[in-house]
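Architecture at a glance
Here's the letter readout for the chains.
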Amino acid sequence: MKAYLLVEAKVSDARAYATYKELAAAAIARHGGRYLARGGRSEVLEGNWQVPERLVIIEFDSLEQAKRFYDSPEYREARAARRDAATVNMLVVEGLPP
C-alpha cells in the first residue's frame, strides 16, 4: 500500500532551508518518493486547523519505503542541514489498499 509523508515546516533561515530542500529532494528521489504538494497555498475549510507556513506531502510505495528514506544516510544529511533552518512536524500515514 502507498504511504504518505506529511511535513509541516516553519522556516526560520531561508538560505539554509534551500540547502535542505536540495538534499531532501535528492534523497526522496533516490528512495522512490514523489512530491504531491510542496509548499503551495492552503486554506482551512472546517474546524480548528492552524494553516501551516509550509506543508509538504510526499508519496512512497509503502510505509517501509518511507521509513527507509527517513532513516537513510542521505536524509540524515538533509536533516542536519535543516537543524537551525526550520522547525518541523512530520508523520507518515499508510494509504488505502488499491
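Scope of this entry: the structure provided in the associated data block. (Residues numbered from 1 in each chain as written. Predicted model: local features only at pLDDT ≥ 70, side-chain atom pairs only at ≥ 80, totals over all residues. Heavy atoms only, no water.)

With that settled, consider empty space enclosed by the protein. Throughout the structure, instances matching the rule amount to 1 cavity of 30 Å³ or more. By volume, the largest cavity is sized at about 120 Å³. As for the largest cavity, its lining consists of 15 residues, of which Tyr20, Ala24, Tyr35, Val56 and Ile58 are closest to the centre. Secondary-structure elements contributing two or more residues to the lining of the largest cavity are β1 (3-11), α1 (14-30), β2 (34-38) and β3 (54-60). Here the element with the most residues in the lining of the largest cavity is α1; it accounts for 5 residues. Looking at the lining of the largest cavity, its residues break down into 12 nonpolar, no polar and 3 charged. (1 Å grid on protein atoms, 1.4 Å probe; cavity = no way out; pocket = protein on both sides within 12 Å on 5 of 7 lines; lining within 4 Å. Points joined across faces, edges and corners; volume = space filled by probe spheres on them. Helix = DSSP H or I, 4+ residues; strand = E, 2+ residues; numbered from the N terminus. Nonpolar A, V, L, I, M, F, W, Y, C, P; charged D, E, K, R; others polar.)

Among the secondary structure elements, Ala27 is positioned in helix α1. C-alpha of Ala27 to C-alpha of Ala85: the two residues are 58 residues apart in sequence and 18 Å apart in space. When neighbours within four sequence positions are excluded, Ala27 is seen to be in contact with Phe69, Glu74 and Tyr75. (Contact = heavy atoms within 4.5 Å.)

With that settled, the discussion passes to the sheet that holds strand β4 (residues 86-94). The strands making up a sheet associate through hydrogen bonds between their backbones, and the pairing can be parallel or antiparallel. An order of β2-β3-β1-β4 is seen for the 4 strands of this open sheet, with the pairing classed as antiparallel. The open sheet has two edge strands with one neighbour each: β2 and β4. Going across the sheet, the axis of each strand differs from the next one's by a mean of 20°, ignoring polarity. Pairing analysis gives 4 bridges linking β2 to β3, with the strands arranged antiparallel. Following the sheet pairing, Arg34 is matched in β3 by Glu59. The strands that α1 touches are β1, β2, β3 and β4; relative to β2, the one it contacts most, it runs at about 145°. Across the sheet, helix α2 (residues 63-71) touches β1, β3 and β4, and the angle it forms with β4 is around 155°. (Pairing = 2+ DSSP bridges. Axes fitted to C-alpha atoms, helices over the stretch in contact; angles between N-to-C directions.)

Right, let's talk about a nonpolar patch on the surface for a bit. On the surface, Val44, Trp49 and Val51 cluster together into a nonpolar patch covering about 330 Å² of accessible area. For Trp49, a relative accessible area of 67% translates into the label exposed. (Patch = residues over 30% accessible without salt bridge, like charges linked within 9 Å, V, L, I, M, F, W, Y side chains within 5 Å. Areas by Shrake-Rupley, 256 points an atom, 1.4 Å probe, with all protein chains shown as cover. Salt bridge = Lys/Arg side-chain N within 4 Å of Asp/Glu carboxyl O. Buried < 20%, exposed > 50% of the residue type's maximum accessible area, 1.4 Å probe, protein only.)

What follows concerns α2. Taken residue by residue, α2 has Gln65, Ala66 and Phe69 as its buried positions. The buried residues of α2 all sit within an arc of 100° when viewed along its axis, so they share a single face. (Arc of directions from axis to C-beta.)

Within this model, the largest pocket holds a volume of roughly 340 Å³. Considering the residues around the largest pocket, the lining is formed by 16 residues, among which Glu8, Trp49, Gln50, Pro52 and Leu55 are closest to the centre. The set of elements that each furnish at least two residues to the lining of the largest pocket consists of β1 and β4. Here the lining of the largest pocket is composed, by residue class, of 10 nonpolar, 3 polar and 3 charged.

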